[in-house]
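Residues per chain, in single letters:
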Protein chains: 6
Amino acid sequence: MAKLPYRETAEGLDAAFVGVPIDTGTSNRPGARFGPRQIRAESAMLRAYNSGTRAAPYESLMVADIGDINVNLYDLKDTCRRIREGYRKIVATGCVPLTMGGDHTIAYPILQAVAEKHGPVGLIHVDAHADTSDTVLGEKIGHGTPFRRCVEEGLLDCKRVAQIGLRGTGYSPDSYEWSRAQGFRVVQVEECWFKSLAPLMVEIRAQMGSGPVYLSFDIDALDPGFAPGTGTPEIAGLTTIQGVEIVRGCRGLNLVGCDLVEVSPPYDTTGNTALTAANLLFEMMCVLPKTKYYSSLETTK
Amino acid sequence: MAKLPYRETAEGLDAAFVGVPIDTGTSNRPGARFGPRQIRAESAMLRAYNSGTRAAPYESLMVADIGDINVNLYDLKDTCRRIREGYRKIVATGCVPLTMGGDHTIAYPILQAVAEKHGPVGLIHVDAHADTSDTVLGEKIGHGTPFRRCVEEGLLDCKRVAQIGLRGTGYSPDSYEWSRAQGFRVVQVEECWFKSLAPLMVEIRAQMGSGPVYLSFDIDALDPGFAPGTGTPEIAGLTTIQGVEIVRGCRGLNLVGCDLVEVSPPYDTTGNTALTAANLLFEMMCVLPKTKYYSSLETTK
Amino acid sequence: MAKLPYRETAEGLDAAFVGVPIDTGTSNRPGARFGPRQIRAESAMLRAYNSGTRAAPYESLMVADIGDINVNLYDLKDTCRRIREGYRKIVATGCVPLTMGGDHTIAYPILQAVAEKHGPVGLIHVDAHADTSDTVLGEKIGHGTPFRRCVEEGLLDCKRVAQIGLRGTGYSPDSYEWSRAQGFRVVQVEECWFKSLAPLMVEIRAQMGSGPVYLSFDIDALDPGFAPGTGTPEIAGLTTIQGVEIVRGCRGLNLVGCDLVEVSPPYDTTGNTALTAANLLFEMMCVLPKTKYYSSLETTK
Amino acid sequence: MAKLPYRETAEGLDAAFVGVPIDTGTSNRPGARFGPRQIRAESAMLRAYNSGTRAAPYESLMVADIGDINVNLYDLKDTCRRIREGYRKIVATGCVPLTMGGDHTIAYPILQAVAEKHGPVGLIHVDAHADTSDTVLGEKIGHGTPFRRCVEEGLLDCKRVAQIGLRGTGYSPDSYEWSRAQGFRVVQVEECWFKSLAPLMVEIRAQMGSGPVYLSFDIDALDPGFAPGTGTPEIAGLTTIQGVEIVRGCRGLNLVGCDLVEVSPPYDTTGNTALTAANLLFEMMCVLPKTKYYSSLETTK
Amino acid sequence: MAKLPYRETAEGLDAAFVGVPIDTGTSNRPGARFGPRQIRAESAMLRAYNSGTRAAPYESLMVADIGDINVNLYDLKDTCRRIREGYRKIVATGCVPLTMGGDHTIAYPILQAVAEKHGPVGLIHVDAHADTSDTVLGEKIGHGTPFRRCVEEGLLDCKRVAQIGLRGTGYSPDSYEWSRAQGFRVVQVEECWFKSLAPLMVEIRAQMGSGPVYLSFDIDALDPGFAPGTGTPEIAGLTTIQGVEIVRGCRGLNLVGCDLVEVSPPYDTTGNTALTAANLLFEMMCVLPKTKYYSSLETTK
Amino acid sequence: MAKLPYRETAEGLDAAFVGVPIDTGTSNRPGARFGPRQIRAESAMLRAYNSGTRAAPYESLMVADIGDINVNLYDLKDTCRRIREGYRKIVATGCVPLTMGGDHTIAYPILQAVAEKHGPVGLIHVDAHADTSDTVLGEKIGHGTPFRRCVEEGLLDCKRVAQIGLRGTGYSPDSYEWSRAQGFRVVQVEECWFKSLAPLMVEIRAQMGSGPVYLSFDIDALDPGFAPGTGTPEIAGLTTIQGVEIVRGCRGLNLVGCDLVEVSPPYDTTGNTALTAANLLFEMMCVLPKTKYYSSLETTK
C-alpha cells in the first residue's frame, strides 16, 4: 500500500494498512475479495504529502502495510473469528488499523476487537445502506447486518453513531427506523445534495466528542458515476468531494480505526474506484490523532 | 422489470412497464434496441419501497411488466403504427404506461395514442436535445423530430410543455427558437447548473396544472459522467440527483404516461446507465397519482 | 477535427487545430500519443453552433485542421525542437493554434514559439498538477516541468499567470510554494468545490487584462468521474461544467493560443474523455477574439 | 433460455433447462452466480434447428426453462441440500436436466439426485481441472472436490468415467493420480492438441456403453482465447470446435443429465463465453436420446 | 485506409477502398455503421509489403481510399439505390472496389452494379450464414437476403458460387438446401475444421475458372474467439489463418470486386476485429489480377 | 511473481524473475511498462508443479523474484546502460534471469551482459517481427532493432539463431533477408500453421547443440485472439499451444537466460495476455537445466 514497507506485525507501528479479502458476505455482485490487491496497485500513485491539507503523515507516524488477514472463503463465521483474532493482536500494540475490504461484514469482527480494547466506540458510518438488518437471506452474519450485531453486543456507543449517505430502495417504508430507535443520527443522502458537508462534520465532531471513534466507509456511499466498481451501487449518492470532506472532517477526533470497504475490481472498468479508495485511505491516515500538519497561512488567497 | 410478474395485457393494471426495443430512428450510435432488456436485468436490484420519499407503490398500485411491443426493425413507419396500436390498447384500459426505450422516436406514436384518449397533454421533456427538428437526414420520422410531429398533430397543449436540460452544439444560432415560438418553456442546462431543481419543479407543476401530463425522459439529459451508455452524449449535463429531483417533482401531477429512452447497452460499459434508468422508472412509478406514501414526520432531523 | 477540411499549412487561417501525438514526457500511464486521433474521431458529433452561448465560430473565423506535428518518439528533446519550429511557422501567419495533445511537455516548446512572437504571455493553466517541478525522474524536460522551464526562459508574464484546479498528494508540504513565489495566482481545487466558477473568471479576466494570453487545459483538471482517460488522475477534481465555465470565461481575452492535453485513449473506456476534450476545444474556438455571437435576448427566461 | 416458455415444474417435460446461480464454492475469481442469467440472455440468438447435425430437438422433445434453484448464498452445505432436493423432483418426473451453473460444486448434489434414481452413472467430465481434491482451502465441499465426494458416495461407475482436457499447474507431481487409481480414463489436454476429437469420442462411447451417463462440462475446459469469462482460466486448452465435437460425440449415449458450469459474466467482456455456453447447451439438448434427426444424405459433398 | 491518399473519385485507379457505413439491414446487434471508420483507424499499422507472400501491391497498382458512400440511415431501399449508383460509377472506370462494410445487405446493390458491367459473376462467399433467406423479419431487403435477391435478378453465375464456413442454428432442418438447389457449392464449417484450406481453394479456383469473380467476406465467418466484434457471432468458426488462406487462395482469379462486412466496433472490445478486417482487405488487394509479386525462391526452407 | 519470496539480489539463486518496466522503445501502442506488474498479479494462480510435463521446479531450483531494474523513462540509452549493469550482477552470480518485459529493446542490453559472461550465445527468438531493422523512426535503439545491434557487437552465434513466427506486412519485399544473410534460421508463421511444433523443436535443439542458449519470447508471436494485450499485434499467429510447445521443446538445452516481452496491460482487456505470459515464464523455469522431473510412466494412456 502506497509503496510502504511490508511488515509481519503491527508491533511498533502507529498505524497499519491491513487487507481483508472476502466477498462471501455479499448478497449481490461479488468481487470485493480482490479489493485489497487492487487498492494497493492503484495506490502506487500516492505521494508523501497532502497538498490540500498540508498533512505530512510520514513525518510523525510509523506506518506500514502488514498484509492480509488469512480468511476462510468457505466459512464466513470462521472468517469472522480469524478477523477478530487478527485485529485483537493489532489493536493490542496500540496500532490504529486502516482496513482495506472486502465486503462490509468485516466491520463486525473488527469492531469486536476494537471495542474489547477501547470499550463501546463512536461510529461514523458512511454508506448507501444502513447495514442494520436482522438477517440477510435468512442469515445473521452478512454484509447487510454488521451494525445490528454490533449494537446487540454493546460494541457501539449509540448516541455517538452517525450514518451518512443512506438512500435507495428498501424493504420497508422506513428503512432507517431501527437506526433512529437506537439513537443513531441518520443523514439521508437528500440532506447532502448540492452542498459542502463541512458544516455537517462540525456537528458530527460535536456528537462524537473526545471518546474513541471508528470510521467505516463503504465506497458505495459515493455515486456510481464516481465509484462504479462496487457490489450494490445506488444512484444519486455522494460526490467524491463530499467523501473527502467527511474524512477531512474527522480531524481532531480520537480515531481508533478506519475501514474502506466494498471495492469490487471486476466492476471497476476504469480502475478509478480503487484509485478513489486508495486516496480516501490516505486521507484517513492524514487525520489520525498524531499526524503532523504544516501551517497553511497562505493556502487560500 | 423489477422482478414484477409478467402479464399478457394491461387489463386490470394501474400501471405497466412496456418495452419498445428499437434504435432505427437513431442518427448516430445505435444500440437502444437492447435498452429494455438491459434495464430489466439491472432492475433486479430494486426493492419495494422508496427510502427517500417513503412511497410504497406496490401497496396501492397493481403493476406488471407486459413485455415488449412487437416492432419492425426494417420499417420505422410501420413500427410507429405498431407502437400506436399497442398503446391504444394499453391506455384504453386506464393503465398508465411506463415505457422503456428504445430511441426517442417512440414518443411520437405513444403520444398519438395517449392524446387520442386524453386530448392534448402537457409534456415534461427532459433531454439534452429539443428533438423538434423538421427532418433528420431528410426524413420526417426519426429520433430528432418526435415533438415537432406531435405539435403538428395537436397532441400537445403547448403552453403546458417544458423542455429541461437542453444543451450542446446545434445546427443554427438558436436551436430552441422553434420551441419557444410554440410557447414551450425552455430550460437550458445552464439554468440548472450547481443547484437543486426542486424550485424549478414548483414552477413546472404550476405550469402543468391539473390536466393530463406526459413525462418523457431521455437518459442523455444526464451528464455522460453518470450515463455514458447512450447514443448522442453531450457534456455538462444534469446530475443524476437532478434527474431524481425532476421525477420526484412530478408528484401531484396527473401523469398519464412516462418514458425513459435512449439507453444504449453497447456503450454502457459499467451497466450504470441501465441501473440509473431502472431507478428513474421506479421513481416515476412512485409519483403516479394513486401511489401511497407513508408519513415522514421524522425523516430528516 | 470537427469534420473541418484538412489544410497543409496555417496560411490564411484565423485558427487551426493541430495535433501533437506524444506521451514520451509521461512519468506514469502512457497513451496520450493517441489523443489527437481519438479527439478527432469523437469530434464527429460536433455541429456548427454553440447552443449555450450562441457563438457562431464558422461564420467569422477561417478554421481548419492542419494535421499533426511530426514528432520523434525516441528523443523528447528533438521532439521539443520540432514542435517549437512547427509552431513558429503557425504563429508567424497570425493563426491561433488550438492544440490537441499529447502530454503536457508540449506546452513548453509551444510557449517558446508563442512568446517569440508575442513576448511574455499571460497563462491560464487548468490542471490537477502545477507542472512546475525542476526535474521529473531526474530529467529537466518532461510533463511535470514545462512551466518551470517557461519561467526560466522568461516566456510568461508571471503576474498574469493563474493555475486552477490543483490538488492531490505531493512531494513536499506545500506543492505550490514555487508557483506563489513567482507571483502566480494559485487556485487549489478546494476553492472551486460546489460552486460556479463564473465569479472566479471575472477575477481572472481582470488579472489577465488586455495582453496576450495562452490557455493550457490538462484534462486531468476534471474529476476522473468525468474524464477517466488520462495518465495521472486525481480524485475530487473539477466538474465538466466548471471546465466549460472556465473556457467560456475566457471570452474577451486576447487569446493567442490554447491547448487541451493528456487525453489517454487506452484508459478512456467509454470514449467520453475524448468527447469532452473535443467539446472543450470547440468552446475554446468559440472564445477566440474574432468569433461572432448572436444576441441572446431571450436565452434565459 | 432459448426463448423457450417458462414452466414452474418439470412435470411432463422430456428435458428442462435449470439454473443454479452460485459461486460460493469458488476459490478464485467469483461471478458464476450470474452465469444462468447471462447464458439465458445470450441464448436469444439460438434458432430451432442444428445446421451442422440436422437435429430438430423441438420436433421430438418437450423442453422448457424451469427457472433457478433457490440457493442460499450464505451456506454452501444448505445450498447443496436445496439442489439435491430440487433435482430429486426433476429427475423423478423422468425429465433430463440441462443445468446452467454456477460453479462446479453443484455437480455433487446433482449427481446425488441423479444416482438416487439411476444408480451409479457413467461420467464424461470436460474440464481443465480434475476437481477431485479431498479438500479445498480446508473444506470438503467446494468447486475443487465434487467428484471426490461422488466417488466416496458411490455415485459414479468409475470404469465409465472419462476426464477430458485436464491441464495447468498443480499441487503435486501427478495431479491425476487419484483419478487413474479409481479407474477413470484421464485425457490430458496434450492428447487433444491439433486434432479432431471425433476418434476419441468413439472410444468414449465404447467406454460408456449403454448405461446411464452424465455429462459435466466446465467452460474452462476451453482455451481462454475462446472462453475468457470464467473463474480459473488455464492456457493451452481445448478449442470451441473440440468442445462441440465432444458434445456431438455423445449422441447415442443414454444421457440422463448434463451441465455447463463456471461461466463468470464479470470476466466475459465480449459476452462470447456465455454465447458459447448457450450453444453448447443447445448441442447437449440435440444429443439427448429422443431427439429427432433429419437425414443428411448430401450434407457434405 | 492504410494511410493511402484520399481521392474524390475512382478515376485512374486500379483499385479503391470504399466505405459503406450502414447497419440498418441488421436483425440483431447493430454497430456495423462504424465499421469503415474503425477499420481505417486500425489500418494505420499496415506496411507496404506482404511478408508472407511477397506481394508488392503498391509497386503495380494505383490504389486510393475514395471515402464513403453517402447512405440514408432511415431508408434501406434508398440506401441500396445510392450504393448501386455509387458503384456503377466506380466500376465504370475499370477500378476494382474493395469495400468496407457495413452490414451484408450492401452486397446486393454492389453486385447489381458489378454484374451490370461484367455480366453474371462467380462468387466466393465466406460467412457463418448463407444469407439466402427469402425475407428477414418479413422484409425482402436485409442482411439475411442479399444472395437470394442476386439469384433472382440473375447477377450470379450459380455454378460458380461457393459458400464457405456456414454453421450455427437455423430456421429449418437444412438451412442450405436452397443454396444447393441453385447449384452453389456449400462448404459447411465442419468440412474446414482442423485443416488448411489451401486444398479447398485449389478446387474453388477450378470451379471459378477464368470468368469474373466477386469475393464477399463476412467477418463472422471467423470464430468469435478471433473476431468478437460482429453482430451475429456463431461459435466453432474458421480461424483467422483459414481466412487468410481463403483470400490468398484467390490469387490468379479474375477478381472484379471484394468486400469485408459486418465489423461492429461497439462489440470489438480489443480492436482486433477491425485489425483483422484491415489485414484481410490488404490481403485482398494483394491478390488482385495486376499485383506484382517478388520471387520467393528461398521463402520456406 | 508466482507468490515467490522477494530477494534483494540474485546471490545464491539458480534462477530469478526480474522485471524491466519500460515501453519507451515502442513505436506504436505503449503500455508495456506495466507488463511486470500485471504478470506478477496474474501469476497468483500458478501452483508448484507442471501437470503437463511433471516438472517440479521448486524441488531442485532456488528461485526468487528480485524485483525490477530501476529504469530511466526519459532516456532509453541510459536505461539500456542500467539494464546491462543490472544483468551483469545477476549473471555474475551464476543465476539464470527470467525477464518480464517491458518492450523488446531490453533484449539488447540483457544479451550484452549475458554474452559478456558466456560468449556469443545461441538464440531462440519467438516473435511476429524480426526486430532486425537498422533503425526505427531514425533511431538505432528501439524495439525493432535489438538483434541487429546484437549481431553487430558479436553477441550472437549466428548459426545458432532461430526466429519463429515471423509474419505481417513489412517495409520491403523480403523482410527476413538480412536475417537469412546472417545465417539465422527463419521460420515464417506459414510453416507453423495447423501443426504441432514439437518436430520443429527437435530440429532447433539440434541446431542449438550444447552451447549456451538465450530464449527471447515476444508475446506478439501469439495470435491476437489469444494475446490481444500487446503493442503491435499481427493476425494469423501462433496458438498458445504452439507457444507452450516451443518452450517445452527447449528442455535439454543449456539455457542461460529467458525473457517474455511486450505484454501491454492497457490493451489486455481480459487479463489473459498477462496470464499467458505468467504461464510461459513458469514453463521457461521448468526447462532450465537443473529442473527435476518426475517420471511419467503412465501419463498418457
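Up top you'll find the structure we're talking about.
These remarks concern the structure in this document. (Residues numbered from 1 in each chain as written. Chains lettered and ligands numbered in written order. Predicted model: local features only at pLDDT ≥ 70, side-chain atom pairs only at ≥ 80, totals over all residues.)

Re the relation of the copies chain B and chain A
Each of the two copies of the chain can be brought onto the other by a rotation about an axis and a shift along it. Of the transformation placing chain B onto chain A, the axial shift is 0.0 Å and the rotation is 120 degrees, giving an RMSD of 0.0 Å. A rotation of that kind, with that shift, is consistent with a three-fold axis. Identified as the residue of chain B closest to the rotation axis by C-alpha distance is B:G225, at 3.4 Å. (Least-squares fit on C-alpha atoms with pLDDT ≥ 70 in both.)

Observations concerning the sheet that holds strand β3 (residues 63–68) of chain E
Residues and elements named next belong to chain E. Ordered in space as β3-β1-β4-β10-β9-β5-β6-β8, the eight strands form an open sheet in which the pairing is parallel. The open sheet has two free edges, formed respectively by β3 and β8 (185–188), since each of these has just one partner strand. Strand-to-strand, the axes of this sheet are offset by a mean angle of 15 degrees, without reference to chain direction. Set on the sheet, helix α4 (residues 107–118) makes contact with β4 (96–101), β5 (121–126), β9 (212–218) and β10 (254–261); between it and β10 the angle comes to about 170 degrees. (Pairing = 2+ DSSP bridges. Helix = DSSP H or I, 4+ residues; strand = E, 2+ residues; numbered from the N terminus. Axes fitted to C-alpha atoms, helices over the stretch in contact; angles between N-to-C directions. Contact = placed C-beta atoms within 7 Å.)

Concerning the relation of the copies chain C and chain F
The transformation that overlays chain C on chain F combines an axial shift of 0.0 Å with a rotation of 180 degrees, and the residual RMSD is 0.0 Å. In symmetry terms, the pair is related by a two-fold rotation axis. Taken as a fraction of all interface residues of chain C, those also at the interface in chain F reach 100%, which identifies the copy contact as same-surface.

With respect to the sheet that holds strand β8 (residues 185–188) of chain C
Residue and element names in this part refer to chain C. Pairing in this open sheet of eight strands is parallel, and the strands run β3-β1-β4-β10-β9-β5-β6-β8 from one edge to the other. Both outer strands of the open sheet, β3 (63–68) and β8, are each paired with one neighbouring strand and no more. Going across the sheet, the axis of each strand differs from the next one's by a mean of 15 degrees, ignoring polarity. Here strand β5 (residues 121–126) pairs with strand β6 (residues 156–166) via five bridges, running parallel. Within the sheet, the bridge partner assigned to H125 lies in β6 and is Q163.

Section: the packing of helix α8 (residues 240–248) of chain F against helix α9 (residues 272–286) of chain F
All names here are of chain F. Put simply, α8 and α9 touch, their axes get as near as 9 Å, and they point 20 degrees apart. The angle between α8 and α9 falls in the class roughly parallel. Once α8 is placed against α9, the crossing between them reads as right-handed. On α9, the residues that touch T240, G243, V244, V247 and R248 of α8 are T276, L280, E283 and M284. (Parallel < 35°, antiparallel > 145°, perpendicular 65-115°, else oblique. Left-handed = near helix turned anticlockwise from the far one by under 90°.)

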